[in-house]
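# Reading the structure
Now for the letters of each chain:
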Amino acid sequence: MQGRINFLKGVIVGTVGSAFAFTLYNYNTSDEKQHATAIADGGSDDYLHQRGKEILKYGVPDRGPDVRPYLNHVLCYDQAKKTPMWVAEHLTKADLKGSANRKYSHFKPDPSLDPSFSSHNSDYKGSGWSRGHMAPAGDNKINQDAMDETFYLSNILPQEFSNNAGFWNRMEIYCRNLTERFPEVRVISGPLMMANMEEGTKKFVRYEVIGSNSIAAPTHLFKVIVAESPQSPDGPVAVGAFVVPNQPIKSSAELKNYKVDIEEVEKFAGVHFLPDLPMSRRTDLCSLDSCKLQSQESLELYFTKRKLEGAKTLERLESVWGQLEKKQLKPDEDLTNLYKKRRKDLSENS
């Protein structure tokens, strides 16, 4: 009796199992046929959407937000290279006036970034590279918090020291000076990786990575400059694009030497920078403006003025003033008067 029961159980289990397997086989076969047919037909939008959800069952690989807004700049961040891809600004004369001072700002990781993808000050220490702003602190005198945000390392990349303090700084000053001639100026700055080595017919891109977090030092830097008058909403918009090597540049170099078509920048950056500005409204910036940088001598005198203003002791004041002679720079009357006034004030307070 027990044997007959076990036999019946076996028959039932076997029958159910076979039926399930047959159904599953038919389901899978049918599903595979539908899948193959949909692919052969190119796939409808609904099918592609559904298929995409099936492929990405556990989520879309996340590279972070495409756009990160701050008080006075916007950027796109490259989590792999741990530098900005591009940083955009809107400059007016009002933005460049105020009491904000960089002495109150400090380089630090961006708190909005996943720490796994952030650079750190330790990456730059002893690397031989400076921490180069893409949105410069000097564009944010209107607000201390806005200036502080430019010191987030999401706005920073490895930049050759003399390039940062020299030619690139003069480009930043040029952009600020444009607000004297154009009511609105927009600037997009960032890094490029361009071929810098050749072996026979082959080209290579070679760049250094620094620190324990492997921060990528770009081979080149770019600026796209847009200047316009809002009083002419349909009028011409001046556009200039410039690419400079991330290396020392002679003080005699002209900005026009590094002028390129914006399409060239876009090709290497992989970005269309002004998608909502029709080509019919664009005109060459350098045809409307001189594209002439402040001279290196003038820049040196400007920094001397800042150092004289910030000197806390007579010793420091005299050291700054003595540098003019060493650099063979001739101070103008205003700078000389500032030096005399600061010497008098510090002597009376010592």
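Our subject is the structure that appears above.
Below: a short report on this structure. (Residues numbered from 1 in each chain as written. Predicted model: local features only at pLDDT ≥ 70, side-chain atom pairs only at ≥ 80, totals over all residues. Heavy atoms only, no water.)

### Some thoughts on the overall build of the chain
- Each helix and strand in the chain was counted, giving eleven helices and 14 strands.
- Residues counted as buried form 40% of the 350 residues belonging to the chain.
- A total of about 20900 Å² of accessible surface is found on the chain, and carbon and sulfur atoms cover 53% of it. (Helix = DSSP H or I, 4+ residues; strand = E, 2+ residues; numbered from the N terminus. Buried < 20%, exposed > 50% of the residue type's maximum accessible area, 1.4 Å probe, protein only. Areas by Shrake-Rupley, 256 points an atom, 1.4 Å probe, with all protein chains shown as cover.)

### Some thoughts on unusual backbone geometry
- Positive phi outside glycine occurs at S214, with the angle close to 55°.
- Note on placement: S214 falls in the loop between strand 9 (209-210) and strand 10 (215-216).
- Within the chain, C291 stands out as a residue other than glycine whose phi angle is a positive 55°.
- Tracing the backbone through its elements, the reader meets C291 in the loop between helix 8 (285-288) and helix 9 (296-310).
- The exposure class of C291 is buried, given its relative accessible area of 1%.

### What to know about the state of the cysteines
- All told, the structure shown has one disulfide when counted by the stated rule.
- Put simply, C286 and C291 are joined by a disulfide, and their sulfur atoms are 2.1 Å apart. Its S-S torsion of approximately -90° makes the covalent link between C286 and C291 left-handed.
- Its relative accessible area of 12% is what places C286 among the buried residues. (Disulfide = S-S within 2.5 Å.)

### Looking at the packing of aromatic side chains
- Here the structure, examined in full by the defined rule, presents six aromatic pairs.
- With 6.2 Å between their ring centres and 65° between their planes, Y70 and Y152 make a pair best called edge-to-face. Placement of Y70 in the loop between strand 1 (68-69) and strand 2 (74-78) and of Y152 in the loop between helix 4 (144-149) and strand 5 (156-159) is noted, with a sequence separation of 82 residues between them.
- You can call Y70 buried: its relative accessible area is 14%.
- For Y152, a relative accessible area of 14% translates into the label buried. (Phe/Tyr/Trp six-rings, centres within 6.5 Å; stacked < 30°, edge-to-face > 60°.)

### What to know about the environment of L324
- Residue position: L324 is located in helix 10 (residues 314-326).
- Considering only alpha carbons, one finds L324 and T304, 20 residues apart in sequence, at a separation of 8.0 Å.

### Concerning the packing of helix 9 against helix 10
- Running from amino to carboxyl end, helix 9 crosses helix 10 at an angle of 170°, the nearest separation of the two axes being 9 Å. The pairing of helix 9 with helix 10 is recorded here as roughly antiparallel in orientation. Where helix 9 approaches helix 10, its residues L301, T304, K307 and L308 are matched on the opposing element by R316, L317, V320, W321 and L324.
- For the contact of helix 9 with helix 10, the class distribution of residues is six nonpolar, one polar and two charged. (Axes fitted to C-alpha atoms, helices over the stretch in contact; angles between N-to-C directions. Parallel < 35°, antiparallel > 145°, perpendicular 65-115°, else oblique. Contact = heavy atoms within 4.5 Å. Nonpolar A, V, L, I, M, F, W, Y, C, P; charged D, E, K, R; others polar.)

### Quick notes on the pairing of strand 2
- The element strand 2 is largely enclosed, with a buried count of four among its five residues.
- Two elements, strand 1 and strand 2, share two bridges in a ladder whose sense is antiparallel. Bridge pairing links P69 to V74 in strand 2.
- Counting the residues between successive antiparallel strands, the hairpin from strand 1 to strand 2 contains four residues. (Pairing = 2+ DSSP bridges.)

### Some thoughts on the environment of D289
- If you trace the backbone, D289 turns up in the loop between helix 8 and helix 9.
- The spacing of D289 and L178 is 111 residues in sequence and 8.6 Å in space, taken between C-alpha atoms.
- Sequence-distant contacts of D289, that is, excluding residues within four places in its chain, are made with Y174, L178, R181 and F182.
- A polar side-chain atom of D289 sits 2.7 Å from a polar atom in the side chain of Y174. (Polar contact = N/O pair within 3.5 Å; in protein donor to acceptor, adjacent residues only side chain to side chain.)

### Digging into the pattern of salt bridges
- Per the stated rule, a full pass over the model turns up eleven salt bridges.
- Across the pair R63 and D66 runs a salt bridge whose closest N-O atoms are separated by 3.1 Å.
- A salt bridge links K93 to E180; the nearest nitrogen and oxygen atoms lie 3.7 Å apart. Of this pair, K93 sits in the loop between strand 3 (83-91) and helix 3 (121-124) while E180 sits in the loop between helix 6 (167-178) and strand 6 (184-192), and the two are 87 residues apart along the sequence.
- With a relative accessible area of 57%, E180 lands in the exposed category.
- Members of the salt-bridge network, linked through shared partners, are E184, R186 and E228. (Salt bridge = Lys/Arg side-chain N within 4 Å of Asp/Glu carboxyl O.)

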